[in-house]
Every structure is written in C-alpha cells, then in structure tokens.
Amino acid sequence: MTAEAADSAEAVGTIAPAANPGFLQRHGRTIEYILIPGAALAGALVVFGIFVMLFGKNPLDLYFYMYYGAFGTWFSWQNTLTRAAPLILTALCTALPAQLGMVIIGGEGALLIGALSATSAALALQGMPPLVIQIAMVCAGVIGGGLWIMLAGALRQYRGVNETISSLLLVYIALAILNHLVEGAMRDPASLNKPSTREIGAANMIGSIPGTDVHWGLVFGLIAAIAAYILIYHTVFGFAARVAGGNIRAAKIVGLGVSKLILTICFLAGGAAGLAGMVEVAAVQGRTNANLAAGYGFTGILVAFLARQNPLAIIPVAILLGGISASGGLLQRRLGLPDASVQVLQGIIFVFVLASDALYGRIGFLKGKS
C-alpha cells in the first residue's frame, strides 16, 4: 500500500507540474513576465470601466465595443494591424536601448525625422523607377531616424546628458523642424488649408499586402522585431550589449567598447522609428504633414514597457494596443465617448505597468516555495 501511495503521489506531481517547486523555480520568471503585465492591463481596464460608469455608461458595453472595434470583424482586424505596424517599430526604439540600461522615449521625434527624410528622398528622385525611389525612402528614413536617436546616445556618452530628457526634448525639436519645413521650404503651394509637402506620387507608394487592406509596414515591423530579437539574444553583439546594460563598469573592465555599443544600439533604435515614419508617408499619407504627429512614438513607449523590452513580445502587445486605438471610433459612435478616450485608457495602463514593476521577484509562490 505504501508503494502504491508513493506511485500515486509521483503521478500527481507529473500531471500537475505547476505545483512542483522545481517547475516554478525554472519557469517562475517567465510566468511573471506574462502574469504581472496581464494583471496590470486587467486592472487598468477595470479602473477605466469605473471611470466610464461615472459618466452614465455601462462598462460591459464599453468592453464589448472595444473588443468588437478591435477584433470583432475582418475590417476591425485590418484596422488594428494597420495601427500596430508603426507601434512595433516605435516600440523597438525604446526596447533596444533598454538592453543597455538606457531609457529612450524619443521615438516620436525619430518617426518625424524619418518621415521628412523619406519624403525628401522621394521628391529629390522624381522621375526614377518606383523601386529605386522606395529603396531610397527606406534608407533615408532609417538613416534620418537613426542619426536622430544616436544624437541622444552621444550626448549621454560624451557629455553626460540624461538620455531620457534629451530624447524627449529632441521630439519637440523634430516637431518644430517638421512645421518649419512643411510650412516653408517644402510646402506644396496647392495645400492651402493644411500645409503639406508635395505628394510623393501614387506609383511610389508601397501599397497593401495582397488580399488585405493592411500595408506592407506590418511586414517591415515583424521583420524588424524578429531581427532585433536575434541580434539581442543570439549574437555576440547582443550579449555584449546585455552585459554592458547589467554593469557598465564591468563591461569597461573586460574591454567592451561601450561607446560603440551605445551609438550602434541608438542608431538601430532610431532607425526602426524612422522606418515607421517612412511607412506612414509611403503607405498612408502620401506626403508629410502635421498628421504624422499622431502619437505613435509615445504609444510605442507603453508597448515596450508592457512587453518588458522583449522584441518578440512587442508584436502581440502592439496588436493589442493597436486594437484599443482602433476601437476609439466605435466607442465614439455607440457610447458617445470622445475618440481621445482611448488615450486616457493608455495613460491608465502606463501607470499600472509602472506600478506593477515593483512586483517582479516578490511573488512568493512563483519562487517555488512550498
């Protein structure tokens, strides 16, 4: 009987590995990265529901229309994926420098500079084959955005300027440059009510994925996220970046080129956001104007934090946040809420995510303790 009881106990342990302390010790960290952000997101939705209820709206209707407007139909899915594309790229602008312990929040500025650079390349090469112009736009957008964020990295490395402050201030400088050029040297005389540059031309637009209304920017974002994951977690360069991010003094002692790492990572990060700007010009707007300052760069910060700076986790989180943004119009039509109400929700989510950061490593049952 004793042997049978022992066998039964062993079988139960096999069937329910989550109750095994060894399992929790091995996978507790991974569970935390899913459980805590998920709980923060759920808490934010509850608080937002209470906020809406104070204005006489039913929270259950709110959640239904948010789901329906984001994922309820094929049209909703396409709208969500279209909005997710720039979020993936701008989130990488925050996630990549985070591997070095840097907090870069200037993705919006890199997006605007990337858009301006891509538009300038397209207008300068008018008359060339469309493929040549599209390649030139990609290169110009990546280089423009990359150099913009690399400037923040250089200020931190060589002048001791906090990269969070400098990257944020660079957003406003980029916006001033965009307004100056769009309303001045690059303005299309035909754009009377809304200053804009000349159109890049329908032939130079990158179009949509066949069979869908989702532009190719989504594919660019997916490739960039996968490439970033491989770079950070499966290359010597990525390992060196994570070592420097863990202890920069130790990295210098062992001979790692910290300055090179910072400048390279910042360039790649800004290049991703600059590519997002190029996509918005070549797939959505067709020209550069104030509509490009839609807040994708700032929402990308939330995506990166909610994904714990993991390039692969950024993909589903960007789709989720893109869906929330896409549901704004439906909330306005069905519940009478302002379209900007989704921005209030994003702010609440960001607060909850920041507050939940203190929970990592402090949840007892995830440490495998009996």
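The structure under discussion appears in the preceding block.
Since we're looking at a predicted model, the values are computed, not measured.

Analysis parameters
Note that residues are indexed from 1 along each chain, following the sequence as it is written. Totals for whole chains, interfaces and linings use every residue, but because this is a predicted model, local features are given only for residues with pLDDT of at least 70 and side-chain atom pairs only at 80 or more, for both listing and counting. The side-chain quantities take in all heavy atoms of the structure and omit both hydrogens and water. Counting from the N terminus, the helices are DSSP H or I runs at least four residues long and the strands are E runs at least two residues long. Throughout, exposure labels follow a simple rule: accessible area from a 1.4 Å probe, protein chains only, divided by the maximum for the residue type, with under 20% read as buried, over 50% as exposed, and the rest as partly exposed. Should any heavy atoms of two residues lie within 4.5 Å, those residues are counted as being in contact. Accessible surface area values rest on a Shrake-Rupley calculation with a 1.4 Å probe, where residue burial reflects the displayed protein chains alone. Only a pair of cysteine sulfur atoms within 2.5 Å counts as a disulfide in this structure description. Axes, fitted as lines to C-alpha atoms, cover a helix only where it is in contact. Angles between the N-to-C directions of the axes lie from 0 to 180 degrees. Roughly parallel refers to an angle under 35 degrees, roughly antiparallel to one over 145, roughly perpendicular to one between 65 and 115, and oblique to any angle outside these ranges. Handedness of a crossing follows from how the near helix is turned relative to the far one, being left-handed for an anticlockwise turn of less than a right angle and right-handed for a clockwise one. Each residue receives one of three labels: charged for Asp, Glu, Lys and Arg, nonpolar for Ala, Val, Leu, Ile, Met, Phe, Trp, Tyr, Cys and Pro, and polar for the others, Gly being one of them. A helix is expected to span 1.5 Å for every residue after the first. Stacked, tilted and edge-to-face are the three classes applied to pairs of Phe, Tyr and Trp rings, where Trp contributes its six-membered ring and a pair requires centres within 6.5 Å; stacked means planes under 30 degrees apart, edge-to-face means over 60, and tilted covers the rest.

**Looking at the overall build of the chain**
Then, in step 1: The helix and strand inventory of the chain stands at 15 helices and zero strands.
Then, in step 2: Within the chain, the proportion of its 370 residues that are buried is 45%.
Then, in step 3: By sequence separation, contacts in the chain at least 24 residues apart represent 76% of the contacts at least 6 residues apart.
Then, in step 4: Taken as a whole, the chain presents about 17700 Å² of accessible surface, with 66% of it coming from carbon and sulfur.

**Considering the state of the cysteines**
As used in these notes, a disulfide is a covalent bond between sulfur atoms, one from each of two cysteines.
Then, in step 1: By the definition in use, this model includes zero disulfides.
Then, in step 2: Left without a disulfide partner, Cys93 is nearest to the cysteine sulfur of Cys266, which lies 8.4 Å away.
Then, in step 3: On the basis of relative accessible area, Cys266 is assigned to the buried category, the value being 0%.

**Things to note about the packing of helix H5 (residues 107–124) against helix H12 (residues 296–306)**
Then, in step 1: Relative to each other, H5 and H12 sit at 135°, their axes nearing to 7 Å. Here H5 lies oblique to H12, going by the angle between them. The hand of the H5/H12 crossing is right-handed. Of the residues in H12, those touching H5 at Gly107, Glu108 and Leu111 are Tyr296, Gly297 and Phe298.
Then, in step 2: Here the residues of the contact of H5 with H12 sort into three nonpolar, two polar and one charged.

**A short note on the side chain of Glu163**
Then, in step 1: Along the chain, Glu163 turns up in helix H7 (residues 163–182).
Then, in step 2: The buried category is assigned to Glu163, whose relative accessible area is 8%.
Then, in step 3: Beyond its immediate sequence surroundings of up to four residues, Glu163 is in contact with Gly101, Met102, Val103, Ile104, Ala152 and Arg156.

**Focus: the environment of Val353**
Then, in step 1: Residue position: Val353 is located in helix H15 (residues 341–356).
Then, in step 2: Residue classification places Val353 among the buried residues on the basis of a relative accessible area of 9%.
Then, in step 3: Here the alpha-carbon distance between Val353 and Ile36, two residues 317 residues apart in the chain, equals 8.4 Å.
Then, in step 4: If we skip the residues at most four places from it in the chain, Val353 touches Ala40, Leu302, Phe305 and Leu306.

**Side note on helix H3 (residues 59–71)**
Then, in step 1: The first and last C-alpha atoms of H3 sit 18 Å apart over 13 residues, in line with the 18 Å expected at 1.5 Å per residue.
Then, in step 2: Every buried residue belonging to H3 is among Pro59, Leu62, Tyr65, Met66, Gly69, Ala70 and Phe71, and all of these are buried.

**Quick word on the packing of aromatic side chains**
Then, in step 1: Throughout the structure, instances matching the rule amount to eight aromatic pairs.
Then, in step 2: Between the aromatic rings of Phe64 and Tyr65, the centroid separation amounts to 5.3 Å while the plane-to-plane angle is 65°, which identifies the pairing as edge-to-face.
Then, in step 3: Ring plane angle 85° and centroid distance 5.7 Å describe the contact between Phe305 and Phe350, whose orientation is recorded as edge-to-face. Note that Phe305 is positioned in helix H12 and Phe350 in helix H15, a separation of 45 residues in sequence.
Then, in step 4: Judged by relative accessible area, which is 23%, Phe305 ranks as partly exposed.
Then, in step 5: We classify Phe350 as partly exposed; its relative accessible area is 27%.
Then, in step 6: An aromatic cluster is built from Phe48, Phe51 and Phe55, whose rings are joined through pairwise contacts.

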